[in-house]
Amino acid sequence: MSAASCLLSEEQFLCSICLDVFTDPVSIPCGHNFCKNCITQHWDVSVQCQCPMCKEVFNTRPELRVNTLISEMAAHCPDQRCAKPGEVPCDVCTGNKLKALKSCLVCLASYCETHLEPHQRIKSLKKHKLIDPVENLEGRMCKEHDKPLELFCKTDQMCVCLLCTVLDHKSHDIVPLKEEYEGKKAELGKTETEIQQKIQERKLKIREIKHSVELSKEDADREIADSVRVFTALMQSVERGQAELIETIEEKQKTTEKQAEGFIKELEQEISELMKRTAEVEQLSRTEDHLHLLQSFPSLNTPPHTKDWTEVSVHRSSYEGTVRRAVAQLEETLRKEMEKLSVDPELKRVQQYAVDVTLDPDTANPYLILSDDGKQVNCGDVKKNLPDNPERFAPCANVLGKQSFSSGRFYYEVQVKGKTEWDLGVARGSISRKGEITLSPEDGLWTICLRNGNEYSASTDPPVLLSLKTKPQKVGVFVDYEEGLVSFYDVDAAALIYSYTGCTFTEKLYPYFSPGLNDGNGGKNSAPLIISPVNHTD
């Protein structure tokens, strides 16, 4: 069937519900046709089965069968359908306007397949510029000269017509629209690539954040489990200690009461005997039988045998120190539980944030000697001839790491074996590099120090002296930027040395090293500080 015949019988190929060419057309008993899906949905929401066209009501829902004749006829007109909202309609169609296939920049009109036919057949119309259908064709014409906007003025960054180039835009940089289109399209491609890259970066950041949350939850669950275990043991110990203390006190009281009961029973027996003797004496004293009194007198005049109670007493039980001893036992239990909370698991957790740190030669004091790989530093006796750039420490024998950190967590380890003096930690990027430097958080330094071979301290103001059980051979430095935490560990002993907490970081942090001077120590401090690889243990 030709496109023309499709147009002539247009109404018979349009569903009255969706106003589009039939899809799976079905006939109902009254003879009207609809898309199968359209009439099914219509009846699904209706109270009764009724024809949308003639309003005939069906007592039972009719069985739908595809109208093969209409289906085959509609299949020959796939592009001849009414324009939907958002689609460009044909400007020539009357009644139900079909969807336009092309727009003409010369005629300033849009055409469906049928009405486009003259532009494909007539020689003069074939020269017209056809584009994909667009609305507002008037906007593609020069408002001043009523000519198509076919050129682009790069000078004024605007679309112009041919007359504009010889009048208002004379001597301007003019290029064809297509040329500028290709350039802008390339820019859009670059922009799209940049946007996609940003999208991927943000997706990656989302994954990082989610991973951090997961790790944080694991840490939280672990700490909760540890706290439940410790406090459960502590509460059980308290309850057990309390029960034992009460039992001890009650046992002492029972012993006292038992002793008192024995004394009271014995006293009551003596009282009974004395009262009996009193009655006998009273009775004898009233007798007028001289012989009986004289014969009974010797036995009744002597008091019955009784115990000397002068020194007898019930001593109060002493509870002095009972509670104190119970609390001491509780403290011992708590101490043992604290020992079970070994730093070793904590050290293993922070070691997962290990980073690769190298020394920055541009910050090193001229007396310092750095290894080629940037992993070792010690102090020499000869000052090197180096430029006194603003980043370089002078006169203090310090050096910073190349790497900076402004978020997250990081950890690194430094071998301090064989040294009698050193400073380690992290420094704010803006710390003073010239003159004397004060080691304190207020001045942007969070460090621990060794002096005189065995004097360890945290560089607070005033310094905190550290009492260490063993002399560290390797020191681990851990920083949690957001948490405001800087911790130092004795790696071999898996022991926490010191922690700065509640810190406020607002700029980049750099690893900080000072190997100490050689002089004044008889050359005993010549060993280097060595940034060591982190050995992750299971």
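The sections below set out a description of the structure shown in this document. What you are looking at is a predicted structure, and each value in this text was computed from that prediction instead of being measured.

## Topic: the side chain of Ser103
Link 1 in the chain: The topology assignment puts Ser103 in strand β6 (residues 102–104).
Link 2 in the chain: On the basis of relative accessibility, which here comes to 0%, the residue Ser103 falls in the buried class.
Link 3 in the chain: Polar contacts involving the side chain of Ser103 include one to the side chain of Ser110, which spans 2.7 Å.
Link 4 in the chain: Looking at Ser103, its side chain comes within polar contact range of the main-chain nitrogen of Val134, at 3.0 Å.
Link 5 in the chain: Setting aside chain neighbours within four positions, we find Ser103 in contact with Ala109, Ser110, Lys129, Leu130, Ile131, Asp132, Pro133, Val134 and Leu137.

## Remarks on the pairing of strand β15 (residues 409–415)
Regular strands have side chains that alternate between both faces of the sheet.
Link 1 in the chain: The buried fraction of β15 amounts to five of the seven residues, a majority that puts the element mostly inside the structure.
Link 2 in the chain: For β15 and strand β20 (residues 474–480), the ladder comprises seven bridges, and the chain directions are antiparallel. Paired with Arg409 across the bridge in β20 is Asp480.
Link 3 in the chain: Where β15 and strand β24 (residues 529–532) come together, three bridges link them in antiparallel fashion. Bridge assignment links Gln415 to a residue of β24, and that residue is Ile530.

## Remarks on the pairing of strand β18 (residues 455–458)
Link 1 in the chain: Direction of pairing for strand β17 (residues 445–451) relative to β18: antiparallel, over a ladder of four bridges. In the strand pairing of β18, Arg451 is matched with Glu455.
Link 2 in the chain: The hairpin turn running from β17 into β18, its antiparallel successor, is three residues long, and Asn452 in that turn takes a positive phi close to 55 degrees.
Link 3 in the chain: Here three bridges tie β18 to strand β19 (residues 464–466), and the two strands are oriented antiparallel to one another. Within β19, the position partnered with Tyr456 by the bridge is Leu466.
Link 4 in the chain: Connecting β18 to the next strand, β19, in antiparallel fashion are five residues.

## Points about a negative patch on the surface
Link 1 in the chain: Taken together, Glu244, Glu247, Glu250 and Glu251 make up a surface patch of like negative charges.
Link 2 in the chain: Within the secondary structure layout, Glu244 lies in helix α7 (residues 177–285).

## Side note on the pattern of salt bridges
Link 1 in the chain: Here the structure, examined in full by the defined rule, presents 19 salt bridges.
Link 2 in the chain: With its nearest N and O atoms 3.2 Å apart, the salt bridge here joins Lys102 to Asp132. Of the two residues, Lys102 sits in strand β6 while Asp132 sits in the loop between β8 (130–131) and β9 (151–153), which places them 30 residues apart along the sequence.
Link 3 in the chain: The exposure class assigned to Lys102 is partly exposed, which follows from its relative accessible area of 29%.
Link 4 in the chain: A salt bridge links Glu208 to Lys205, with the nearest nitrogen and oxygen atoms 3.0 Å apart. Separated by three residues within a single helix, Glu208 and Lys205 lie in helix α7, roughly one turn from each other.
Link 5 in the chain: A residue is classified by how much of its surface remains accessible, and Glu208, at 37% relative accessible area, is partly exposed.
Link 6 in the chain: Classification of Lys205 as partly exposed rests on a relative accessible area of 45%.
Link 7 in the chain: Among the ionic contacts, a cluster of salt bridges with common partners joins Asp219, Arg222, Arg409 and Asp480.

## Re the packing of aromatic side chains
Link 1 in the chain: For the structure on display, the rule yields eleven aromatic pairs.
Link 2 in the chain: Where Trp446 meets Phe505, the ring centres are 5.1 Å apart and the plane angle is 80 degrees; that geometry is what we call edge-to-face. Taken together, the residues span a long stretch of sequence, with Trp446 in strand β17 and Phe505 in the loop between β22 (495–500) and β23 (509–514) at a distance of 59 residues.
Link 3 in the chain: On the basis of an interplanar angle of 70 degrees and a centroid distance of 6.3 Å, the ring pair of Phe488 and Tyr500 is categorised as edge-to-face. Linking Phe488 in strand β21 (residues 485–490) with Tyr500 in strand β22, this pair joins segments that are twelve residues apart in sequence. Just as Phe488 is buried, Tyr500 falls in that class too.
Link 4 in the chain: Among the aromatic residues, ring-to-ring pairing joins Trp446, Tyr481 and Phe505 into one connected group.
Link 5 in the chain: Of note, Lys307 hangs over the ring of Trp309, and the distance from its end group to the ring centre comes to 4.7 Å.

## Details of the sheet that holds β6
Link 1 in the chain: Taking strand neighbours across the sheet as the criterion, the three strands line up as β7-β6-β8 in an open arrangement whose pairing is antiparallel. The outermost strands of the open sheet, each flanked by one partner alone, are β7 (109–111) and β8.
Link 2 in the chain: Pairing of β6 with β7 involves three bridges; the strand directions are antiparallel. Bridged to Ser103 within β7 is Ser110.

## A look at the nonpolar core
Link 1 in the chain: Membership of the largest hydrophobic core comes to 37 residues, with the highest contact counts inside it found for Trp422, Ile448 and Phe513.
Link 2 in the chain: Apart from the residues within four sequence positions on either side, Trp422 is in contact with Val416, Ile448, Cys449, Leu450, Arg451, Tyr456, Val475, Ser514, Pro515 and Leu529.
Link 3 in the chain: Residues Ile28, Phe34, Ile39 and Ile70 belong to the second largest nonpolar core, which totals 13 residues.

Thresholds, definitions, all that
- Residues numbered from 1 in each chain as written.
- Predicted model: local features only at pLDDT ≥ 70, side-chain atom pairs only at ≥ 80, totals over all residues.
- Heavy atoms only, no water.
- Helix = DSSP H or I, 4+ residues; strand = E, 2+ residues; numbered from the N terminus.
- Buried < 20%, exposed > 50% of the residue type's maximum accessible area, 1.4 Å probe, protein only.
- Polar contact = N/O pair within 3.5 Å; in protein donor to acceptor, adjacent residues only side chain to side chain.
- Contact = heavy atoms within 4.5 Å.
- Pairing = 2+ DSSP bridges.
- Patch = residues over 30% accessible without salt bridge, like charges linked within 9 Å, V, L, I, M, F, W, Y side chains within 5 Å.
- Areas by Shrake-Rupley, 256 points an atom, 1.4 Å probe, with all protein chains shown as cover.
- Salt bridge = Lys/Arg side-chain N within 4 Å of Asp/Glu carboxyl O.
- Lys, Arg positive; Asp, Glu negative; His and termini not counted.
- Charge placed at Lys NZ, Arg CZ, Asp CG, Glu CD.
- Phe/Tyr/Trp six-rings, centres within 6.5 Å; stacked < 30°, edge-to-face > 60°.
- Lys NZ or Arg CZ within 6 Å of the ring centre and 35° of its normal.
- Core = buried A, V, L, I, M, F, W, Y, C linked by side-chain atoms within 4.5 Å.

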